[in-house]
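# Structural features, examined
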Amino acid sequence: MAAPGWAGARVHRHHQRAQVCLDLGTRPGDGVLLHVPSYPPFLQTLTRMQRELLALPMVRGAEGYGLDTEVLRDRAASRPPRR
């Protein structure tokens, strides 16, 4: 049996890694594609880091939930990469 808080510590490390990636790969005002619903602290991080959420709603299909690739393409095209 895992020690109490182990799962929380694991999520915390992933959250920190996401913050480092955002810090290194984006700047304030940049858009970030993220599926929703999503882990609330990830959403709060975007706000605190002044990144714009480009939401990718999960859709239910015959095989379960997934991403709508047309929405993904549209959201990505709405904010071209900076040069």
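Going by the structure above, here's the rest.
Residues numbered from 1 in each chain as written. Predicted model: local features only at pLDDT ≥ 70, side-chain atom pairs only at ≥ 80, totals over all residues. Heavy atoms only, no water.

## Things to note about helix α3 (residues 69-78)
- Taken across its 10 residues, α3 has zero buried, putting it largely on the surface.
- In this structure Asp68 caps α3, since a side-chain oxygen of it lies 2.9 Å from the backbone nitrogen of Glu70. (Buried < 20%, exposed > 50% of the residue type's maximum accessible area, 1.4 Å probe, protein only. Helix = DSSP H or I, 4+ residues; strand = E, 2+ residues; numbered from the N terminus. Polar contact = N/O pair within 3.5 Å; in protein donor to acceptor, adjacent residues only side chain to side chain.)

## Let's talk about the sheet that holds strand β2 (residues 52-61)
- The sheet built from three strands is open, its strands ordered β1-β2-β3 with mixed pairing. Two strands bound the open sheet, and with one partner strand each, they are β1 (31-36) and β3 (64-67). The sheet shows a mean angle of 30 degrees between the axes of neighbouring strands, taken without regard to direction.
- Bridging between β2 and β3 involves four bridges; their strand directions are antiparallel. Counted as the bridge partner of Met58 is Leu67 from β3.
- Across the sheet, helix α2 (residues 40-48) touches β1 and β2, and the angle it forms with β1 is around 165 degrees.
- Contacting β1, β2 and β3, α3 crosses the sheet at an angle of about 170 degrees to β2. (Pairing = 2+ DSSP bridges. Axes fitted to C-alpha atoms, helices over the stretch in contact; angles between N-to-C directions. Contact = heavy atoms within 4.5 Å.)

## Some words on the packing of aromatic side chains
- This structure, assessed with the given rule, holds one aromatic pair.
- Consider the rings of Tyr39 and Phe42, whose centres lie 5.2 Å apart with planes at 80 degrees: the pair is edge-to-face.
- What makes Phe42 partly exposed here is its relative accessible area of 23%. (Phe/Tyr/Trp six-rings, centres within 6.5 Å; stacked < 30°, edge-to-face > 60°.)

## Examining unusual backbone geometry
- Cis geometry is found at the peptide bond from Val36 to Pro37, where omega equals 5 degrees.
- With respect to the element layout, Pro37 can be found in the loop between β1 and α2.
- Although it is not a glycine, Gln50 sits at a positive phi angle of roughly 60 degrees.
- Mapped onto the fold, Gln50 is located in the loop between α2 and β2.

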